[in-house]
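A look at the structure
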Amino acid sequence: MASAVHSLLVCLVLLVSPYLGCSYQTRYTHGGRHYVLRSNRDQQQPKQTPTCSSAHSGTSSSDALPVVHRLSPCSPLGTARNQQMEKPSVADVLHRDAVRLRSLFQEHNHGSRFPAPAPTSAGGGLSIPSRGDPIQKLPGALEYHVIAWFGTPVQQFTVGFDTTTPGATLLRCKPCAANEPCDHAFDPSASSSIAQVPCGSPDCPFKGCSGPSCTLSVSTNNTLLGNATFFTDKLTLTPWNTVDSFRFACLEAGFRPADSSTGILDLSQNSHSLASRAAPSSPDAVAFSYCLPSYPSDVGFLSLGATKPELLGRKVSYTPLRSNPHNGNLYVVELVGLGLGGVDLPIPRATIARGGTILELHTTFTYLKPQVYAVLRDEFRKSMSQYPVAPPLGSLDTCYNFTALNSFSVPAVTLKFDGGAEVDLWMDEMMYFHEPGNHFSVGCLAFVAQDGGAVIGSMAQMSTEVVYDVRGGKVGFVPYRC
């Protein structure tokens, strides 16, 4: 009976596929599996160039900031446009992930698998690295950006946003180094509302500073890289959402991010973070939420102080926030199980939950403990035994060649969190396809084995609104929001 119902469903989908909005591939989910059917028009379809969506990506709040990927045609960064939407190789993606993970998992965590503030001669809980570019390396490579305005009158900049910053919003500022482009740098001298944070004040994290301002000179091998100076100024997110006397670190001279963005908005649990300063007073609102776009031509959103989704009639499931004694700025949850094809995998809760879980914005793939990943991989392979195997793509070791097929299916992966929250991953959130937008190419399971706590990457979060109800001590998931 179930087989007959599935066959009828396939026929109906094929009949209406020209009207489903997907011009050459039809996709649906049934019985715990994701299916893709090739349309008869597939071979005649010209390759389409992504264009920006005109809609505001699923949110009606006027206080929401549009979120774009660094390679999106919607990105205001010139570097994104110059790359002509070329998809980075899997080696590039894995390298960026490795840089990011190295900044998250540090050797001095005292047994914790999650980042603690790095020691610095200045002390005080903020880490400015002694070498390299802190905007690029700390907290890591930034995949998603928003537009924000600093100062009075406002100066507009494209900035990243992050929940795992070292405890401060970082902004590239003038003066810049000699012979260096300076058009993407904040000019403190042009703002009438700016104020320096005094050295020795409670708002200055540098215990080693000297002089009137909260400033630290960063150098390596007797070479000055630049100064980090703390200011407060007006931050404008939308015409209706401003934060007065917002604290941030001005990074001067040699600090220059490679992607031409200007800095990082801190969304950590630090008391000076944007999430804390813009926290709503109403118990009916959450600190912030974001939704990462599924495709380069889509736009997501970052919302601060929005109404709780359940009060708006949206389906949301919550998982408790866990404390981290080694880094109180960090949001930690617990992944306690995995589902595959609608069936729970035989992984002991203690095994998968040990070490905690980070929801990561700027790591693409999802990283699991080797013993946890092995169970997922082996069961996935058993369920895919009818399809031709493809060679691994770097650390992605479970790949299949769908090129010559007219249809295929994969078992759906479900992330199960403490408290009963579940996130069902659609095909593009659990499979990495070698050719962008083409499922009939080589596809790999987008999970990687790694020692340490679990890291849920951006692919697994795409299209889901991730809600940070910090006052309520929980993180929520609203499916299909952008």
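By the naming in an unreviewed UniProt entry, the protein chain is Peptidase A1 domain-containing protein, taken from Miscanthus lutarioriparius. Under the UniProt heading Sequence similarities (unreviewed entry), the note attached to the protein chain is "Belongs to the peptidase A1 family."

**Notes on the pattern of salt bridges**
Overall, the coordinates contain 14 salt bridges when judged by the stated rule. Its salt-bridge partner being Glu143, residue Arg70 comes within 3.1 Å of it at the nearest N-O pair. With Arg70 in the loop between strand E3 (65-69) and helix H2 (78-82) and Glu143 in the loop between helix H4 (134-137) and strand E4 (144-150), this pair connects stretches of sequence that are 73 residues apart. When its relative accessible area of 13% is taken as the criterion, Arg70 is described as buried. You can call Glu143 buried: its relative accessible area is 4%. A salt bridge links Arg481 to Glu465; its shortest N-O distance comes to 2.9 Å. Of this pair, Arg481 sits in the segment after strand E29 (474-478) while Glu465 sits in strand E28 (residues 465-469); the two residues are 16 residues apart in sequence, bridging distant segments of the chain.

**Notes on unusual backbone geometry**
Most peptide bonds take the trans configuration, and most residues that are not glycine carry a negative phi. Here Thr152 and Pro153 are connected by a cis peptide whose omega angle stands at -5°. Among the structural elements, Pro153 can be located in the loop between E4 and strand E5 (155-162). In this chain, Lys174 is followed by Pro175 through a cis amide linkage whose omega measures 5°. When you line up the elements, Pro175 lands in strand E6 (residues 170-176). Phi is positive for Ser245, close to 50°, though the residue is something other than glycine. Its place among the elements puts Ser245 in strand E10 (residues 241-253). The class for Ser245 is partly exposed, based on a relative accessible area of 48%. Positive phi values are uncommon outside glycine, yet Ser463 reaches one of about 75°. With respect to the helices and strands, the residue Ser463 is situated in the loop between helix H9 (458-461) and E28.

Rules behind the numbers
- Every chain is numbered independently, its residues counted from 1 as its sequence is written.
- pLDDT decides what is reported in this predicted model: residues at 70 or higher carry local features, side-chain atom pairs at 80 or more are listed and counted, and totals for whole chains, interfaces and linings draw on all residues regardless.
- Think of the side-chain values as coming from all heavy atoms in the structure, minus any hydrogens and water.
- UniProt positions are given in the numbering used here, feature names are shortened, and annotations may be inferred rather than shown by experiment.
- One speaks of a salt bridge when a side-chain nitrogen belonging to Lys or Arg is within 4 Å of a carboxyl oxygen belonging to Asp or Glu.
- The numbering of helices and of strands both runs from the N terminus, where a helix is a DSSP run of H or I of at least 4 residues and a strand a run of E of at least 2.
- Each residue is assigned to one of three classes by its accessible area relative to the maximum for its type, calculated with a 1.4 Å probe on protein chains only: buried under 20%, partly exposed between the two thresholds, exposed over 50%.

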